[in-house]
Structures are given as C-alpha cells and as structure tokens.
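Take a look at the letters that make up each chain.
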Protein chains: 4
Amino acid sequence: MIKVGIIGGSGYTAGELLRIIQNHPNAQVDFVYSTTNAGKPITTVHQDLFGETDLVFTDTINPEVNVVFLCLGHGQSIDFLSQNAFASHTRIIDLGNDFRLNKDAVWQHKNFVYGLPELNKAKIKNAQFVANPGCFATAIQLALLPLAIHNTLQNELHINATTGSTGAGVKPSATGHHSYRNNNMSHYKAFNHQHIGEITESLQKAQSTFNQPLLFIPNRGDFTRGIFATLYTKVNQDLDTILKWYQDYYKNEPFTHVTTEPIHLKQVVQTNKCIISLEKHGDYLLITSIIDNLVKGASGQAIQNMNLMFGLPENTGLNLKSGNF
Amino acid sequence: MIKVGIIGGSGYTAGELLRIIQNHPNAQVDFVYSTTNAGKPITTVHQDLFGETDLVFTDTINPEVNVVFLCLGHGQSIDFLSQNAFASHTRIIDLGNDFRLNKDAVWQHKNFVYGLPELNKAKIKNAQFVANPGCFATAIQLALLPLAIHNTLQNELHINATTGSTGAGVKPSATGHHSYRNNNMSHYKAFNHQHIGEITESLQKAQSTFNQPLLFIPNRGDFTRGIFATLYTKVNQDLDTILKWYQDYYKNEPFTHVTTEPIHLKQVVQTNKCIISLEKHGDYLLITSIIDNLVKGASGQAIQNMNLMFGLPENTGLNLKSGNF
Amino acid sequence: MIKVGIIGGSGYTAGELLRIIQNHPNAQVDFVYSTTNAGKPITTVHQDLFGETDLVFTDTINPEVNVVFLCLGHGQSIDFLSQNAFASHTRIIDLGNDFRLNKDAVWQHKNFVYGLPELNKAKIKNAQFVANPGCFATAIQLALLPLAIHNTLQNELHINATTGSTGAGVKPSATGHHSYRNNNMSHYKAFNHQHIGEITESLQKAQSTFNQPLLFIPNRGDFTRGIFATLYTKVNQDLDTILKWYQDYYKNEPFTHVTTEPIHLKQVVQTNKCIISLEKHGDYLLITSIIDNLVKGASGQAIQNMNLMFGLPENTGLNLKSGNF
Amino acid sequence: MIKVGIIGGSGYTAGELLRIIQNHPNAQVDFVYSTTNAGKPITTVHQDLFGETDLVFTDTINPEVNVVFLCLGHGQSIDFLSQNAFASHTRIIDLGNDFRLNKDAVWQHKNFVYGLPELNKAKIKNAQFVANPGCFATAIQLALLPLAIHNTLQNELHINATTGSTGAGVKPSATGHHSYRNNNMSHYKAFNHQHIGEITESLQKAQSTFNQPLLFIPNRGDFTRGIFATLYTKVNQDLDTILKWYQDYYKNEPFTHVTTEPIHLKQVVQTNKCIISLEKHGDYLLITSIIDNLVKGASGQAIQNMNLMFGLPENTGLNLKSGNF
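No experiment lies behind these values; they were computed from the predicted model shown. (Residues numbered from 1 in each chain as written. Chains lettered and ligands numbered in written order. Predicted model: local features only at pLDDT ≥ 70, side-chain atom pairs only at ≥ 80, totals over all residues. Heavy atoms only, no water.)

## Here's the deal with the overall build of chain A
Rules: Labels follow the DSSP assignment, with helices taken as runs of H or I lasting at least four residues and strands as runs of E lasting at least two, numbered in each case from the N terminus. Put simply, the radius of gyration uses C-alpha atoms, and a globule should come to 2.2 Å times the residue count raised to 0.38. Three exposure classes are used, based on accessible area relative to the maximum for each residue type with a 1.4 Å probe and protein chains only: buried under 20%, partly exposed in between, and exposed over 50%. Contacts: residue pairs with any heavy atoms within 4.5 Å of one another. Accessible surface is estimated by sampling points in the Shrake-Rupley manner with a 1.4 Å probe; for residues, cover comes only from the protein chains shown.
The secondary structure content of chain A amounts to eight helices and 15 strands. Taking 325 residues into account, the globule formula puts the C-alpha radius of gyration at 20 Å, and chain A, at 19 Å, falls close to it. In terms of overall dimensions, chain A has C-alpha extents of about 60 × 45 × 35 Å along its principal axes. Buried positions account for 67% of the 325 residues belonging to chain A. Sequence separation of at least 24 residues holds for 72% of the intrachain contacts in chain A that already meet a minimum separation of 6. Total accessible area computed for chain A in this model is approximately 10,600 Å², and 46% of it derives from carbon and sulfur atoms.

The following block contains the structure:
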C-alpha cells in the first residue's frame, strides 16, 4: 500500500486527490498537511467526503511516506521543499509550476521529469520527482503532439480554450463570484499565458525544429469543471492520414481518445479522459480537445503519474464514472 | 430634477440604483459616495454602465441633495447618519435594516416609514425618511397581506424561499464562490431569518390579532437574481373568494399581479414586478410569490418609494424590460 | 460475472447504469435494448462513454441474462414484460413506477419487493423482482424512516424538495429548455406528486399507525443533478435523542450518513450517498436530505439492489468519486 | 404612434420585440400573428409580460400597419410575403436571413437595405425594407468595420465567438436541453457558419479590396443570452492609432463603445449596447466584441432600425437597464 502525503490540503487539487485516493486500491492517505486547517477533520473543508473518511488535517509531515503531492500555489513548492525534508526514497509529485520548465527541472539534486504520460511515460516510470503539467498545457499538448512527432507544426498555432471556475482555485475573488461568473464569459492573459512555455518545450521535444508562436486566448467560462480547447493550424496532409497519426500515437493510452465526430465538454467531466476531435477545413486542421481541469488537468494525472512511478497499471483507481450531466 | 446622493456606492444595490436612475426622467445622480473607490469612475466597479456615464466615486457628500439612498451593510446606516448631516429638506431612503422595525423607526427625531408601497402608500407619500423593506420580506408580505386584512391568518404559516447569489452581496465568500454555488443548493438561518420581524409587524398592522409563527426556510439558489417563495397555510375560504381579495387589494398597484396559473421565477427578473399565484389544495392555500431581489426587493422599490415621496407617478422610470432569459 | 440486460437504453437512467456497470467488477452488460437506436453504438447517445465501450444498441433481447433493468417511461414496464419473456432465473429490477405500490407489487406471479435497501434489505436479498424507488421518494423516506420506527410521526409533514433537470428525462421540452431553466425556479404537482403513495406505504410499514398528510411541494431547480429536500414536523424528543435514532438506524448503511452540520447538495452529487442533516427549532425537527437523483435516486440504487440480490457486498462498484464541483 | 405588426409571434425575437415595444413611447403593437397560438393571450407564451398587456395572438394580419417585423425561421420570410400583402406605405423589417445578402436584397420590387446602423445609417433612414443583421454578424462586423474603412484588413481573420442558448431559438432540442447545455461547451459549423457571407459583404462595402478568409468558430455557451467574440488579425498600426480609428468611427453611435480595458459579457446583457475592447500583442490586434444576441443581435437592433426609418432618435425606447447579474 502506497503511503501518501498531501501538502496544501485545503485547495481544490488536494480535494480531488483525496477523492480519487479514497477508492484507490493501492494507495492510502497518510497525512494531509494544512497549516490553516490543522486539527480539523478534512470533511470540514472537503465536505463531500463526509461519511467516507475520518482524516484530520495536520501541520506535521511524515517524512517517511512513499509519495508526496505538493498542492501549493505556484511558486510555493520550492519554499516548502527548502524547509521540509523527506526520506531519500520518498517520491514527490508537484502539481504547481515550479519545476515544469527545462530551466527549473533540476533543483538541489532533484531532477523533475515533466509528467505528461502520453509524452514521457518511460521517464516517469523511473522518476523520483515529477512536475505535473498545467491544465491548459495538458489539453493543448495532447491536441498537438501527434502532429509534432511528424514534424508537421510548420505554421502558426491558433488556440482558444475556456476553463471552469475551479481552474482559478478555492480562494474567493471578484471574477470567481457566482454573481459575476454565472452566465458570463471573459478572457485573460491573452497571448501571454504562463503555460505557453511548457507547451512549447514539449512540442520541441517531439519536433526539434518547432519554432511557431502559440496564439492562445484563455477564457473564463461559467462552468465549474473542464477545459474546452479548439486549435487550428495549416497542415498539408488529409484527414485520414492525420487521424491515423493520432490513433497510432494514442493507441496504447488508456485515457486519450480520438474521433472525427463532434464532441462536447461534458463527455469528459469527472474523468481522467481526454477526447480529441479532428476536422479538416481546406488547409486548416481543426482540433478540439477536452479534459476535466481537476482530473486529467491536475489530480487525476498526478495519480496516473504515481501509478506509473510505482509500477502499477496506469489506470489503477482512475476508471471514474463520467459525470456527463 | 431630483438630485440623488448614493451612499455605499460600490455594492449591488447601489449599482442597481444607478442603472435605474440612469434612465429615470426626473432624477439624476449628484454623487456616489464610496470611501474605498473615491476618485475612480463608477464604471470601474459597475462595468455594465460603461458608455452611459462619466460619474466618479467621491468621498465627499453634498448635503443639499434632494434624496439620499443608504446602500450600506446592515447596521451601518446609523453610523453613517451619526457622522454626516444633510439639509433639513433632504429625504433619506435606507436600504439596510436599521430602521425597519417599530422599535427602530424613530431615531434622533427622524421618523422612518416602512417603505412597502402596497401597505403604506399614503404614509410614504408624506414621509421624509423611509426604511426600504428586505428582499425576502417584500416577497413574503406581498403574498400574505390580502389574507391579513381579512383576518384570515389564523394558522401556522409555512414558507420556503430561495434567493439568488446577489442577495448575499458583492463581497466574495465561500458560499458565493461560483465553484460552490453553481448547480448547488443549501439553506441558512432556517426558522431564524432576520426578516421575520418586519414581516410579522406588517402582518400585525393589517391584522391586529395576528400571532402565528412564520416557519421560514431561506435557501441559497444557484441563480444570480430573484426570490422564489412558496407559502401555505390553512384558509377556510374557497379559491374564488381568495382570488378576489388579492385582485382587489392589488387592483391599483402597478407592479403586483395575481394569477391562478403556474408561474416561474424568470417572469419577473430584471423588473420591479411581483407576481403572486394562488392554488387551493384541500384546506391549504398555496401562494407562490416571485420578485427580483435587487429590483422589487431592493433598489427598484427604493425608487418606487422615491417617486411616491416626490409626487411622481409610482412607476416613473420603473417600466423595465423583463429579462426573461 | 453477472450478465446484465438494459431495456430502454437511450434514457438517462440507462446511461447512468452503463456508466456504473462499466467499472463494476462483477457485472457486465450483455445487451442494451432500444428500438429507436438499434444498430447504433451506445456512444452515439451516451457520448461520455466514448473510448470505454464498443456496445451497440439492439432490438433483440437475450432472455438468459442474469438481471434485467427496466429503464422505461412510467407505465411501460408492464407492457414490456407482457410482450417479452425472460428465463425463470432472470432477476428484474424496474426503475419505473409500475410495481412500487402494494396494490401493484404482485403481477403475473411476479412479486416485486420495494427496493429501498435501508428499509427492505433482507427482502431484497431474497427477491427475484425489485421495484426501484422514485427519486423524491428515496430522499424523503430516508429522511423520515428513523422517526417512523419510533412511532414519532404524529403530526403533519411539511416537505419542500427541488430536483435537477435530469429528473424530467431526456426528452426535450419547454420546461427543460436551457433558456427557460437556467437561473429559473418553479414548482409542479404541489401536494399531488405521485411519489406520495410509495412514501406513505413505506412509512406505514415502519409505523403502522402512520396517517399524516405529506404536504409536499416539488420544485424544478436549475441544476442538472440532485435532490435537495427539507422536511419538518413536530417531534417531542430532543435533538440528541433523535440524532441517536438516526445514527442507529443507519449505522450499517454504507451510503446514508447523518450529521447536525449544515449541508449542501453538491456533497452527494455523482455518488450513491444520502446525507441527512438534523436541526431542532422549538418543537420542530428540521431534516435536510440530499441525494443525486440519477444515482441514489435511480441507477445507483438499482445497482445496490442488484448487489444485494446477487450476494455481493452492497457497495460493490458504487464507491464513486464525488463530483463536488 | 407607430402601429406595429409582428409575424411569428411565438419565438424569442418576437418576445423581445414585445418587451421593448411595451415601453416604447412612439410605437404600439397592433397585432401579433401566430398560426399556432391564435386566440391565446400572448402572455401564455411570453409569460413575463403578465400584468403588462392583454394582447392576444391572431391569425389575421392588419395590412395597414406602419411597420411589420418578420420573426420567422430562416427562409420563411419570402414564403410569408408571397402569401400576404401589406399596404404600399407599410415598412418591413425582416429578422430572418432571407434578404441580407446582395443577391437576395431585391425581391419583387422590394429593395432591402442591410440594417446595421453603424454601417448603413443614411440608407436605413430612407428605407422601406430592412434586412436585420444576424447576431454573430453584428458582433463581428462592429469589431472589424473601423479597420476595414482604413483598408487595414490585409490578413487572415481569426474569430472565435460563443453564443447563448437563446441563439438557437425556442424549439426544444437535444443541444438546447438544460441537462446537456448546463456547464457544457461545444462548437458547430466551424469555418462554415452562414453569417460569414453577410459579414464579408459588409467588409467589402467598407474596404473594396477585402478578400481575406474569416476563420470563424462559433461555440455553444451555457449561458442564455449574449455573444462573446474574440477576433485577431495582423495590423501594422499601433494601439493608439487603432483606438482612435474606432473612437472616431463610433463617436456618434449611441450603443457601440470602445475601450482598452478588459471586458466581460454581462456588461451588455439585456441592452442594445456593443462594447469593443482592443489589445495589441506584437503584430496582432486582439478585438473583443460583446452584445446581447436578442437585443443588439436581433430585436433591439430591429427597433433601432425602426426608429431610424420613422425619423425618431435612434435610441428611443432602447435605453434599457443593463442586466449585469
């Protein structure tokens, strides 16, 4: 049984980890660290777990756990690891963005592997430290990797993606207020989102010549969960050829599926799946990519990485009932 | 032209006042007082007014305005009036709950009239100071007053009402977070809501013998605007008799309408209307009452009171396009 | 491995059964019967299952399956069973309302047990035919049964419950239109809902003297899943005594949990759980009961019944990740 | 007083016309034609108008009205006009797409002017027949016209726009079902939407050399009202220059406003406004354009056209309270 420690236990990604581990046959939570809620039952914060667990938040870590998930605000993982030591065997999976980029991946003799299983599975299996990808970054990379490995990304990439309110975290804010967000839409960080860096690096791993701009508009949707991304770029090949590339690339992937039918976001909500739909319009290939930002875009993928790191079947504990409605 | 001052200009009720006054033919905003936003255009907060106004928040009041609307947190109106004096002619309409109850209605030689036009129209016309009713209190009183004046409230009153997220104000909070509120429902202050007091007093004005408990469960709905209230109590009379009571009571009221057809909340959203539907089930009369909590439940009713106080037709500036969708 | 047949495979409850069985370790779908969609992959209708199954709708039944779930419109189960015969060993679980009432429970030598595990567990274990309870009926009975077995239901029962749009089925309709339902609320069948019958019969099983009216207002909420029910009645005992009754009644139930803390609907959405919260206000006991109408209120409970009927642990395949957001 | 006839009175755009005309000082509804609802009060369909009107649907037209609004399904206006004659003075405003394109604009001696006031104001003032623009077409043209008149549209146009569920009409459908649409997102007719034609023609009027493709992805949002459109294209000029172009172009327009601040959809919902926000990112100009699809995108703009055709101030009856929440 894998003993799990969770750091930053009050946030959305920690809650989603707890929900998944609750039914994971090979893992159990050893401690949930939260300085603000230490001493309280975790169900005071993650109230949906009422009846399922008696866990209590703690402000003391157990340095001997098998794996630690860091569910901290971006930039805070380094601080935490600087101040807290774990056993030499303890694996660490960071859900923040501190170690995702090449320049950040090695820190104090820790070598973080970028944890996108569809790109780095072999490395993840042998990794002790994993940097879990960003949510937008996951949806976008999965949409583009099969093109990249065929050196087909030779033109500008046009990306529009809308995320649910859980993407902005648990802290109440003006743009997270229900009165604002309900029936509303807006964009933010257009052309400048921080995930462009990790996406670009992954595409360069797959296609070393890649040097195209990612023209990316992230939107705030009025749903709670999910990322709905549309991407298009000029590609010479016909749809059949491209479809085969995608099917081949993902043929052994349990969670990523390809279609040429129309798709809608709620096909993947509450699951670890990514569904990719392909259409060809003249020279343009239109790719639609959907994930649940908290599952495949965060905590589900983190568990997928944990499974790989511990030699378990990748989908252990991750065959989740789709929400659909 | 009525010169208007608004105190507490950053909140939801202030914003709704500004939207209504913007198109009111006989009133114009003189100043919008906000200590936190002084110096900023009001469109930085009430962004939907962009293109319609150049008003700027101020931290200086003009004591000579014709009317002041107090849009402060409950309990703060007394503080504000203690520290700020207005001209002897200035009328004051308080949207908080400081002066609604009989025991609070006279304060420092100011005599506040309870501003429910359907109950107190003659008094409001002659009032200098008005206490605007609470939102739940408005929906519930309008549902019950025609029974009260026929001395028919002789049994327990069962009330269930659901309010939108704007009812809880602009300040971000855990239960106002979109991730929490979307597709969710909960109740709060069951049997103990602070509006029970003003409702009871109004019913006693209409039916001096009234002494029944109000068994009232307020719910948080996942919509943004509106109150959907169902009420039932034992009443001997048949539906035709009761319907006639309601129609008579509201026959000269421009905003309150009665039906025996099913109704739904969005019939009144964005308007100053209240629609009341009546059904008889055995001994029980079921009353459904719907309002927009920010309009008839707050700022629209405040303008209705202003119109009455200044001798204008009651509906001036208040024939608002229904939202419906 | 339990071989499962599903009749009426295009509807919401069939879809939810398919989602749950997909990950059930001891059951697998043998056929999904739909006359309107025969020949099409089930993922053309239940699109969220894309990537997980290759099942195709059929218009031919396999009469030898171990269990059949009837997911037909109310009143259609009898028609179907009249025209289609199954093996003598085949168990039948009807999700409609054809066999729920005492007067309907025996039909052509088939004796249907009312399938509320918290009430009838022993009988269900030995049943060949089960009538799965209605969604409102489930939430309401679980809220009241511990009182009934203590003969405490001696006064009128006041019930207000709001359901999501999936409660009205897959067929498009005016009141199911997003433009209507979004940010809206309404009630229907007040005091006359068809579930009152089955609730009353269950309460009479638990408290033979029970003869109180159920004053029940069902509401249409603007969420998609879930039932949020509040109930109150006069009860003499204090909260501690009552809490203990509930805790004792549900102490061996894996899905039904009791608290005195405030609760909100999304604590149970996507799960087979029911959470009940108790408050005492003067003489009144206020009970809040929440379920997911498609899971504990329909398909999850149907699987729970199947587990019991086949001697499996009750929660097999039903430890579902909560949706929460 | 302008006498108004409305054809196709049961639909969303007819309802919105009725709401606006209800408070229009210079127009009143003479008849509302609906073959399916003839004889019923219009409040049986447009229930939010309860208490405001006693109008009854009719299946008889009054051919002498001053103006007729055609609110029919696309393609049905020609059928209707073929079978029904109006007085020679009667003005006709078609909200469908039958007469929007150059090739369709002249029909049986009727010359339809394309009714986008910001493009064709002078012609509309003198028109007897007006083809009201499409909703997406309105949001997109207003975003691009100031560039076109400076001959600046020299590169591909990238457009992503999300519309509310009212955009798909009143008829219940699978993709309009609340259970589907709530918390969901999808796209349709990518690169092929029917509004591309009218947009292209308008841009060519403004910039005769215009020959760029409109790469347009329309999305179904889970809100009810509004269009949120983002557009970008390469433009050489700096933001100050471009901002001035937009401000100049719209300086006399009462409803279209320009900013460089972030905007969100609900700033314009329930109003006839369009707000355009400009950002420059490297060579790319990013334009965000927001309207209410039923108001500026349909019925509000139709009234704006009526006002112009009858010599009224353009904003008569159209200073609508913003919904905002």
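Let's pick the thread back up.
## Section: the interface of chain C and chain B
Selection rule: Two parts lose some accessible area (1.4 Å probe) when they are put together, and adding that loss for both gives the buried area. By definition here, a salt bridge exists when the distance from a side-chain nitrogen of Lys or Arg to a carboxyl oxygen of Asp or Glu is within 4 Å. Under this definition, polar contacts are N or O atom pairs within 3.5 Å; protein pairs additionally need one hydrogen-donor-capable and one acceptor-capable atom, and for neighbouring residues in sequence, both atoms have to be side-chain atoms.
Between chain C and chain B, the residue contacts involve 36 residues of the former and 37 residues of the latter. Overall, the association of chain C and chain B removes approximately 3,200 Å² of surface from exposure, summing both partners, and the carbon and sulfur fraction of that is 58%. Where chain C touches chain B, the interface holds two salt bridges. Note that Glu156 of chain C and Lys234 of chain B form a salt bridge whose closest N and O atoms lie 3.5 Å from each other. At the surface where chain C touches chain B, the tally comes to 24 residue pairs in polar contact (both at pLDDT 80 or more).

## As for the UniProt feature "domain: Semialdehyde dehydrogenase NAD-binding" (unreviewed entry) in chain A
Going by this rule: UniProt positions are given in the numbering used here, feature names are shortened, and annotations may be inferred rather than shown by experiment.
Per the UniProt record, the feature "domain: Semialdehyde dehydrogenase NAD-binding" (unreviewed entry) sits at residues 3-127 of chain A. A distance of 17 Å separates the end C-alpha atoms of residues 3-127 of chain A, which is 22% helix and 23% strand.

## Describing the packing of aromatic side chains
Test applied: Stacked, tilted and edge-to-face are the three classes applied to pairs of Phe, Tyr and Trp rings, where Trp contributes its six-membered ring and a pair requires centres within 6.5 Å; stacked means planes under 30 degrees apart, edge-to-face means over 60, and tilted covers the rest.
For the structure shown, the criterion picks out 44 aromatic pairs over all chains. A ring pair is formed by Phe112 of chain A and Phe129 of chain A, whose centres lie 5.4 Å apart and whose planes are at 40°; its orientation type is tilted. Of this pair, Phe112 of chain A sits in strand 7 (residues 110-114) while Phe129 of chain A sits in strand 8 (residues 129-131), and the two are 17 residues apart along the sequence. The residues Phe112 of chain A and Phe129 of chain A share a single accessibility class, namely buried. A ring pair is formed by Phe191 of chain B and Tyr232 of chain C, whose centres lie 5.3 Å apart and whose planes are at 80°; its orientation type is edge-to-face.

## Brief notes about helix 7 (residues 239-249) of chain D
Residues and elements named next belong to chain D. Here is the rule: Here, the arc refers to the directions that run from the helix axis to the C-beta atoms.
Within the span of helix 7, buried status applies to Ile242, Leu243, Trp245, Tyr246 and Tyr249. The arc that holds every buried residue of helix 7, seen down its axis, measures 155°, which confines them to one face. Buried residues belonging to helix 7 abut helix 3 (117-125), helix 4 (135-148), strand 13 (256-259), strand 14 (274-281) and strand 15 (284-291).

## Considering the environment of Asn23 of chain D
Within the fold, Asn23 of chain D resides in the loop between helix 1 (12-22) and strand 2 (27-33). Assessed through its relative accessible area of 28%, Asn23 of chain D is described here as partly exposed. Linking Asn23 of chain D and Gly5 of chain D, residues 18 residues apart in sequence, is a C-alpha distance of 16 Å. With residues up to four places along the chain from it excluded, the contact list for Asn23 of chain D reads Asn319, Leu320 and Lys321 of chain B.

## Focus on the UniProt feature "active site" (unreviewed entry) in chain A
All names here are of chain A. The feature "active site" (unreviewed entry), as given by UniProt, occupies Cys135 in the numbering adopted here. The residue Cys135 is located in helix 4 (residues 135-148) in this model. Aside from chain neighbours lying at most four places away, what touches Cys135 is His195, Ile227, Ile291, Asn293 and Gly297.

## Some thoughts on the domain arrangement of chain A
Residue and element names in this part refer to chain A. Quick note on the threshold: Where a domain begins and ends is set by an automatic assignment or by a domain database.
Along its sequence, chain A is organised into domain 1 (2-133 + 296-309) and domain 2 (135-293). Taking the mean C-alpha position of each, domain 1 and domain 2 sit 25 Å from one another. Of the residues lining the interface, 23 residues belong to domain 1; the matching set on domain 2 comes to 30 residues. Taking both partners together, domain 1 and domain 2 bury about 2,000 Å²; carbon and sulfur atoms supply 50% of that area.

## Re the interface of chain B and chain D
Where we set the bar: Amino acids are sorted into nonpolar (Ala, Val, Leu, Ile, Met, Phe, Trp, Tyr, Cys and Pro), charged (Asp, Glu, Lys and Arg) and polar (every other residue, Gly among them).
If you look at the interface, chain B gives 33 residues, while chain D gives 33 residues. Summed over both partners, the interface of chain B with chain D buries about 2,900 Å², with 52% contributed by carbon and sulfur atoms. When the buried surface of chain B facing chain D is broken down by residue, Phe50, Lys321 and Phe325 of chain B rank first, second and third, together holding 28% of it. Across the chain B-chain D interface, the total number found is four salt bridges. For Glu16 of chain D, the salt bridge is made with Lys321 of chain B, and the minimal N-O distance between the two is 2.7 Å. Breaking the side of chain B that touches chain D down by element, the ones donating at least two residues are helix 1 (12-22) and strand 13 (256-259) of chain B. With four residues, the top contributor of residues to the side of chain B that touches chain D is helix 1 of chain B. A per-class count over the side of chain B that touches chain D returns nine nonpolar, 16 polar and eight charged.

## Some thoughts on the relation of the copies chain C and chain B
To be explicit about the condition: Copy-to-copy alignment: least squares on C-alpha atoms, limited to residues at pLDDT 70 or above in both.
Mapping chain C onto chain B is achieved by rotating through 180° and translating by 0.0 Å along the same axis, at an RMSD of 0.0 Å. With respect to symmetry, the two chain copies, as superposed, fit the operation of a two-fold axis.

## Description of the pattern of salt bridges
What the rule picks out here adds up to 52 salt bridges over all chains. For Lys273 of chain C, the salt bridge is made with Glu52 of chain A, and the minimal N-O distance between the two is 2.8 Å. Of the two residues, Lys273 of chain C sits in the loop between strand 13 (256-259) and strand 14 (274-281) while Glu52 of chain A sits in the loop between strand 2 (27-33) and strand 3 (57-58), which places them in two different chains. Each of Glu16, Arg19, Asp48, Arg225 and Asp292 of chain A together with Lys321 of chain C takes part in salt bridges that share partners, so that together they form one network.

## Considering the pairing of strand 4 (residues 67-70) of chain C
Residues and elements named next belong to chain C. Cut-off, in case you're wondering: By the convention used here, strands pair only if DSSP detects at least 2 bridges between them.
Of the two faces of strand 4, the one holding Val67 and Phe69 and the one holding Val68 and Leu70 are both buried throughout. Judged from the four bridges that link them, strand 1 (residues 2-7) and strand 4 form a sheet pairing that is parallel. Bridge pairing links Ile6 to Phe69 in strand 4. With four bridges connecting them, strand 4 and strand 5 (residues 91-94) associate as parallel partners. The residue of strand 5 that forms the bridge with Phe69 is Ile93.

## Some words on the environment of Leu144 of chain B
Among the secondary structure elements, Leu144 of chain B is positioned in helix 4 (residues 135-148). With residues up to four places along the chain from it excluded, the contact list for Leu144 of chain B reads Leu153, Leu157, Leu203, Leu231, Tyr246 and Ile287 of chain B.

## What about unusual backbone geometry?
Among all residues save glycine, negative phi is the norm, and among peptide bonds the norm is trans. Look at Asn183 of chain A: it is not a glycine, yet its phi comes out positive at around 60°. For Gln270 of chain C, which is not glycine, the phi dihedral falls at a positive 75°. Tracing the backbone shows Gln270 of chain C in the loop between strand 13 and strand 14. For Gln270 of chain C, a relative accessible area of 4% gives the class buried.

## Considering the relation of the copies chain B and chain D
Between the two copies, chain B and chain D, the superposition gives an RMSD of 0.0 Å; the rotation angle is 180° and the shift along the axis is 0.0 Å. In this assembly, 100% of the residues forming the interface of chain B have copies in chain D that are likewise at the interface, indicating an isologous arrangement.

## Observations regarding the pairing of strand 13 of chain C
Residue and element names in this part refer to chain C. Burial along strand 13 is two-sided: the residues Thr256 and Val258 and His257 and Thr259 are all buried. Pairing of strand 13 with strand 14, which is carried by four bridges, proceeds in the parallel orientation. Across the sheet, His257 pairs through a bridge with Ile275, a residue of strand 14.

## Brief notes about the confidence of the model for chain A
Low-confidence regions, as indicated by low pLDDT, have predicted coordinates that should not be scrutinised in detail. Applicable threshold: Per residue, pLDDT measures the predictor's confidence, with a range of 0 to 100.
Taken residue by residue, chain A gives an average pLDDT of 97. The fraction at 70 or more is 100%. Prediction confidence for the complex, expressed as pTM and ipTM, is 0.98 and 0.97 respectively.

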